[in-house]
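Fold and geometry: a report
Each chain, letter by letter, is given below.
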Amino acid sequence: MSLDREQVHKVATLARLALTPEEEEKFAGQLTSILDYVEQLNELDVADVPPTTRAIDVSNVTRVDVQRAYENREAILSSAPDREDDFFKVPKIVTGD
Amino acid sequence: MTAATPVKTQYEAIIGLETHCQLSTETKIFSESSTVFGAPPNTHIDPVCMGLPGVLPVLNQKVLEYAVKAGLALNCTIAPYSKFDRKQYFYPDLPKNYQISQYDLPIAEHGWVEIELYDKKSGTSTRKKIGVTRLHMEEDAGKLVHGGSDRLAGSTFSLVDYNRAGVPLIEIVSEPDIRSGQEAAEYAQEIRRIVRYLGVSDGNMQEGSLRCDVNISIRPMGSTTFGTKVEIKNMNSFNAIQRAIDYEIERQIAAVEAGEPIIQETRLWDEGSQTTRTMRVKEGSSDYRYFPEPDLGPIEVLEAQREQWRSELPELPVQKRHRYQEELGLSPYDTRVLTDDQSITTYFEQTVAAGAAAKPSANWIMGDISAYLNANTGMTIADLKLMPQELAELINLIESGTISNKIGKDILPELLENGGSPKALVEKKGLLQISDPAVIEAAIEEVIAAFPNELEQYKGGKTKMLGFFVGQVLKKTGGKADPKLTNQLVAKKLNS
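All values reported here derive from a predicted model rather than from experimental measurement.

Of regular secondary structure, chain B possesses 15 helices and 17 strands. For the C-alpha atoms alone, the extent of chain B along its principal axes is close to 95 × 75 × 50 Å. Here chain B, with 496 residues, has 48% of them falling under the buried criterion. Put simply, of all contacts in chain B between residues at least 6 apart along the chain, 69% involve residues at least 24 apart. When the accessible area of chain B is evaluated, it comes to approximately 23,100 Å², of which 52% is carbon and sulfur surface. Placing the 54 positive and 67 negative side-chain charges of chain B at their respective mean positions leaves the two points 5 Å apart.

Here is the structure:
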């Protein structure tokens, strides 16, 4: 399986990564070899094996609906890159695809 | 010579709704912070809802219970095996850059909602089933305040309040079975009634507990392909949903007729101008790169648990509507009013349970009692001093002929203010209906003697003077004379 430069560009855009054309070329090659390596698994017949979505087999882990305020709110606010009073402050939002 | 009128193309609208509904839990979906609306900014935050490194989200069991109950009430199949996924996009209302949602294994699928469309003109109603594609659980995002401008465009920075981040939501996706603004508004109202009856959400649109996004396209009647779909957002009332859709249908038809293309985009309903306007154009479908949420284990709803929850469901609005019309014999209109607000439904049902007939109960509640509540702002039927059992007693005093309907209406204000037994009040005030013919006849004699001119007119052929004499007799007896009997006796006397 090979990944071309166009696909690398798309994934980078979705992840908000700015890559140079040289980097796109380089990563296309590297990612392709990683995918090829993983693709060896396709040699196995897994038609009757249910897909594994997680390594540990637990289900229905829930908690009771009892409220408890987090006591160190200030630590969360002050660890943000920027704030204005009790708000988190973020730079101008640029939308568009 | 007349030119042939060109056949005008008829169009139909294909509409689907995505409804987000905030669940009424104490805490967030994956953490212990409060969900109370209106708190100062960033007071209900914690490391989990902020997505700080090393934290582990744990599902609130009430969220699962409420989602399953909502799924059952929407006639869905509950998934025996379900999971959460990460939906990735970059926007500062999400502190983690992904939203925990459900993608390919939602908790509930393949349901339907029955709506009842009431036609004011004819007083009749028609029922229609709207398919429900799926219902899934997810977390809400934070709230942005844009600085330097009231809109995103033009603002130089934004402020974020994450109180709402991680608040539990269910998203309900309908099939594209809806054909008009009225059907869409009715569907949305039915969803609200259902979640309110279940007690899983307050359905408050102003506070954003219930939000509807609409997908809409048009096509020539009879066509089986779909037109280009447009999404509309920003409607904060059922009425706005209806008007936005009706506007959008006209806009799309006008564009097609003029040969202009319909653009796949998201439009905002503008309440001020009563129009929709472009918010953003969708370029291809968004790529959210969903993958299973590794921090949360799967959910398995066992049959015993599911059936336990099913047994806890109350009688639902659709069941009440059928029962009121088919068993209690109420009209579609009465049914609609009585089942819309649960506190009114409860009051009505308690009145009937206390032995009053359904129709007069409906009339009193929807008439005089509603008028009283409307006149007393902020008062609800649950605040009334007059208990349903007392209303039932009043209705039965009238039905049995113990007091006249008029006396009933006369003493109602006092009962509404103070409550208490209507029977005791009637006895105390000496308002029992007079049904003794001898007493009524005596009053008739006096009235006839007092109005010789009117008697002359009646004898002269002005037979509608009968009503005048009946009125005078009722007045003379303080409204206590049995009106039907009085009418008979007056007629008999005048014609003798």
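Before going further, it helps to spend a moment on the overall build of chain A. What chain A contains, in helices and strands, is three helices and three strands. Helices and strands appear in chain A in the N-to-C order α-α-β-α-β-β. For chain A, the C-alpha radius of gyration of 22 Å lies well beyond 13 Å, the compact-globule estimate for 97 residues. In terms of overall dimensions, chain A has a C-alpha envelope of 55 × 45 × 20 Å along the principal axes. Sequence-distant contacts, at least 24 apart, represent 29% of the contacts inside chain A between residues at least 6 apart. Carbon and sulfur atoms make up 56% of the accessible area of chain A, which totals about 7,800 Å².

Another point: the interface of chain A and chain B. Contacts between the two partners involve 32 residues from chain A, matched on the other side by 51 residues from chain B. Summed over both partners, the interface of chain A with chain B buries about 3,600 Å², with 59% contributed by carbon and sulfur atoms. Residue Lys-10 of chain A pairs with Asp-287 of chain B through a salt bridge whose shortest N-O separation is 3.0 Å. One can count 21 residue pairs in polar contact (both at pLDDT 80 or more) joining chain A with chain B. Contributions of two or more residues to the side of chain A that touches chain B are made by α1 (5–14), β1 (62–63), α3 (73–78) and β3 (87–91) of chain A. Ranked by the residues each element gives to the side of chain A that touches chain B, the list is headed by β3 of chain A, at five residues. A class-by-class count of the residues in the side of chain A that touches chain B yields 14 nonpolar, six polar and twelve charged.

What follows is about the pairing of β3 of chain A. Because side chains alternate across β3 of chain A, one face comprises the buried residues Phe-88 and Val-90 of chain A, and the other comprises Phe-87, Lys-89 and Pro-91 of chain A, none of which is buried. The turn linking strand β2 (residues 83–84) of chain A back onto β3 of chain A is made up of two residues, and Asp-85 of chain A within it adopts a positive phi angle of 50°. Of the pairings in the sheet, the one linking β3 of chain A to strand β10 (residues 157–161) of chain B comprises four bridges and is antiparallel in character. Counted as the bridge partner of Lys-89 of chain A is Leu-159 of chain B from β10 of chain B.

On to the packing of helix α6 (residues 332–340) of chain B against helix α7 (residues 342–353) of chain B, then. Residues and elements named next belong to chain B. The geometry of α6 relative to α7 is characterised by a closest axis approach of 5 Å and an angle of 110° between their N-to-C directions. Classified by the interaxial angle, the pair formed by α6 and α7 is roughly perpendicular. When α6 is examined against α7, the residues Val-337, Leu-338, Thr-339 and Asp-340 are found in contact with a partner set consisting of Gln-342, Ile-344, Thr-345 and Phe-348. Residues belonging to the contact of α6 with α7 are distributed by class as follows: four nonpolar, three polar and one charged.

To continue, consider unusual backbone geometry. Residue and element names in this part refer to chain B. Despite not being glycine, Asn-42 has its phi angle at roughly 55°, a positive value. At Asn-75, a residue that is not glycine, the phi angle is positive and equals roughly 60°. Following the sequence through the fold, Asn-75 ends up in the loop between α1 (61–73) and β3 (77–78). Asn-75 gets classed as partly exposed once you look at its relative accessible area, which sits at 32%.

Here we come to the layout of surface pockets. All names here are of chain B. Space inside the second largest pocket adds up to approximately 360 Å³. Looking at the second largest pocket, it is lined by 14 residues, and the ones nearest its centre are Tyr-118, Lys-120, Glu-186, Gln-189 and Arg-336. Those elements giving two or more residues to the lining of the second largest pocket turn out to be α2 (181–198), α3 (238–257) and α6. Counting residues per element, the lining of the second largest pocket draws most heavily on α2, at six residues. For the lining of the second largest pocket, the class distribution of residues is five nonpolar, three polar and six charged.

This paragraph deals with the sheet that holds strand β12 (residues 210–220) of chain B. Residue and element names in this part refer to chain B. The strand order β3-β7-β8-β11-β1-β12-β13-β14-β15 describes an open sheet built from nine strands, whose pairing is mixed. Bordering the open sheet on either side are β3 and β15 (275–281), each of which pairs with just one other strand. Two elements, strand β13 (residues 230–235) and strand β14 (residues 265–270), share three bridges in a ladder whose sense is parallel. Opposite Ile-232, over in β14, you have Arg-267 as the bridge partner. Along the sheet face, α1 touches β3, β7 (108–119), β8 (124–139) and β11 (168–174) and points at about 155° away from the line of β8. Packed onto the sheet, α3 meets β1 (11–22), β12, β13, β14 and β15 and runs at close to 25° relative to β12.

Let us look at empty space enclosed by the protein. Residues and elements named next belong to chain B. For the coordinates displayed, the defined rule picks out two cavities of 30 Å³ or more. Contributing to the lining of the largest cavity are Glu-116, Tyr-118, Glu-186, Glu-190, Arg-193, Arg-321, Pro-332, Arg-336 and Thr-339. Of all the secondary structure elements, the ones that give two or more residues to the lining of the largest cavity are β7, α2 and α6. The residue makeup of the lining of the largest cavity, split by class, is two nonpolar, one polar and six charged. The volume enclosed by the second largest cavity comes to roughly 50 Å³. Tallied by class, residues from the lining of the second largest cavity come to six nonpolar, three polar and no charged.

All names here are of chain B. Grouped together as the largest cluster of nonpolar side chains are 67 residues, with contacts concentrated most on Tyr-187 and Ile-241. Here Tyr-187 is in contact with Leu-17, Thr-19, Val-113, Ile-115, Ile-130, Val-132, Ile-172, Ser-174 and Ile-178, once residues within four sequence places are set aside. Residues Ala-362, Leu-386, Leu-412 and Leu-415 belong to the second largest nonpolar core, which totals 32 residues.

Calculation rules
- What you see as residue numbers is a count from 1 along each chain, following the sequence as written.
- Both sets of labels track the order of writing: A upward for chains, 1 upward for ligands.
- A pLDDT threshold of at least 70 governs which residues receive local features in this predicted model, and a stricter bar of 80 or more applies before side-chain atom pairs are shown or counted, although totals over entire chains, interfaces and linings include all residues.
- No hydrogens and no water enter the side-chain calculation; it runs on all heavy atoms of the structure.
- We count a stretch as a helix when DSSP gives it H or I for four or more residues in a row; a strand needs E for two or more, and each element gets its number in order from the N terminus.
- The classification of residues rests on relative accessible area computed with a 1.4 Å probe and restricted to protein chains. Under 20% of the type maximum is buried, over 50% is exposed, and intermediate values are partly exposed.
- Residue contacts follow a heavy-atom distance rule, with two residues in contact if any of their heavy atoms lie within 4.5 Å.
- The Shrake-Rupley method, run with a 1.4 Å probe, gives the accessible areas here. Residue values count only the displayed protein chains as cover.
- Charged-residue counts in this description rest on Lys and Arg as positive and Asp and Glu as negative, His and the chain ends being excluded.
- Taken as the charge centre is NZ of Lys, CZ of Arg, CG of Asp or CD of Glu, depending on the residue.
- For the radius of gyration, the atoms used are the C-alpha atoms, and the globule rule reads 2.2 Å times the number of residues raised to 0.38.
- Summed over both partners, buried area is the accessible surface (1.4 Å probe) that two parts give up on being assembled.
- When a carboxyl oxygen of Asp or Glu is within 4 Å of a side-chain nitrogen of Lys or Arg, the pair counts as a salt bridge.
- We call two N or O atoms a polar contact when they sit within 3.5 Å, provided that within protein one can donate a hydrogen and the other can accept it, with sequence-adjacent residues counted only if both atoms are side-chain atoms.
- The nonpolar class holds Ala, Val, Leu, Ile, Met, Phe, Trp, Tyr, Cys and Pro. Asp, Glu, Lys and Arg form the charged class, and all remaining residues, Gly among them, are polar.
- A strand pair is defined by DSSP finding two or more bridges across the two strands.
- Interaxial angles span 0 to 180 degrees and are taken between N-to-C directions of axes, which are lines fitted to C-alpha atoms, for helices over the stretch in contact.
- Orientation categories follow fixed angle ranges, with anything under 35 degrees roughly parallel, anything over 145 roughly antiparallel, 65 to 115 roughly perpendicular, and all other angles oblique.
- Think of a 1 Å grid over the protein atoms and nothing else: a 1.4 Å probe that fits but is trapped marks a cavity, an open set flanked by protein within 12 Å on at least five of seven lines marks a pocket, and residues with an atom within 4 Å of a point count as lining.
- Grid points are joined across faces, edges and corners, and a volume is the space filled by probe spheres set on the points.
- Residues grouped as a nonpolar core are buried Ala, Val, Leu, Ile, Met, Phe, Trp, Tyr and Cys residues, joined through side-chain atoms within 4.5 Å.

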